[in-house]
Amino acid sequence: MTNEALLAAYLMFEQDALQDRAEAVRIATLKYKAGATDLLPVLQLQTDQIATQVELIKARNAQLANRIDLHLALGGSFDTSPAVAPPKYDWQ
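Source: prediction; values computed, not measured.

A. Examining helix α1 (residues 3–34) more closely. Between the first and last C-alpha of α1 there are 46 Å, a value that for 32 residues agrees with the 46 Å anticipated at 1.5 Å per step. Residues of α1 that are buried include every one of L7, L11, E14, A17, L18, V25 and A28, and no others. Contacts made by the buried residues of α1 are with α2 (39–73). In the segment just after α1, G35 is the residue with positive phi, at about 85°.

B. Expanded view of the side chain of Q49. For Q49, the location among the structural elements is in helix α2. Classification of Q49 as buried rests on a relative accessible area of 17%. Excluding its chain neighbours within four sequence positions, the residues that come into contact with Q49 are L18, R21, A22 and V25.

About the criteria used
Residues numbered from 1 in each chain as written. Predicted model: local features only at pLDDT ≥ 70, side-chain atom pairs only at ≥ 80, totals over all residues. Heavy atoms only, no water. Helix = DSSP H or I, 4+ residues; strand = E, 2+ residues; numbered from the N terminus. Expected span 1.5 Å × (residues − 1). Buried < 20%, exposed > 50% of the residue type's maximum accessible area, 1.4 Å probe, protein only. Contact = heavy atoms within 4.5 Å.

Spelled out as structure tokens, the structure:
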């Protein structure tokens, strides 16, 4: 498996984990509002959710950095001018 494929799989895993953690926070908040639990479990779940968001951002950053490195390795640059001039249309 390539590094890009591993990162893509990891991104999918982290996105699923983030959805699960968001749902856990939602349920814990409902329980807290109903008086069935105290605030500590809600805060712990929110901490886990934020940590998962951080991991997702790190993985996306790594994926983008890999793509930039590949672009540069293949001779690309960061010029502001486009590589190919857009076609000119005569609409008259």
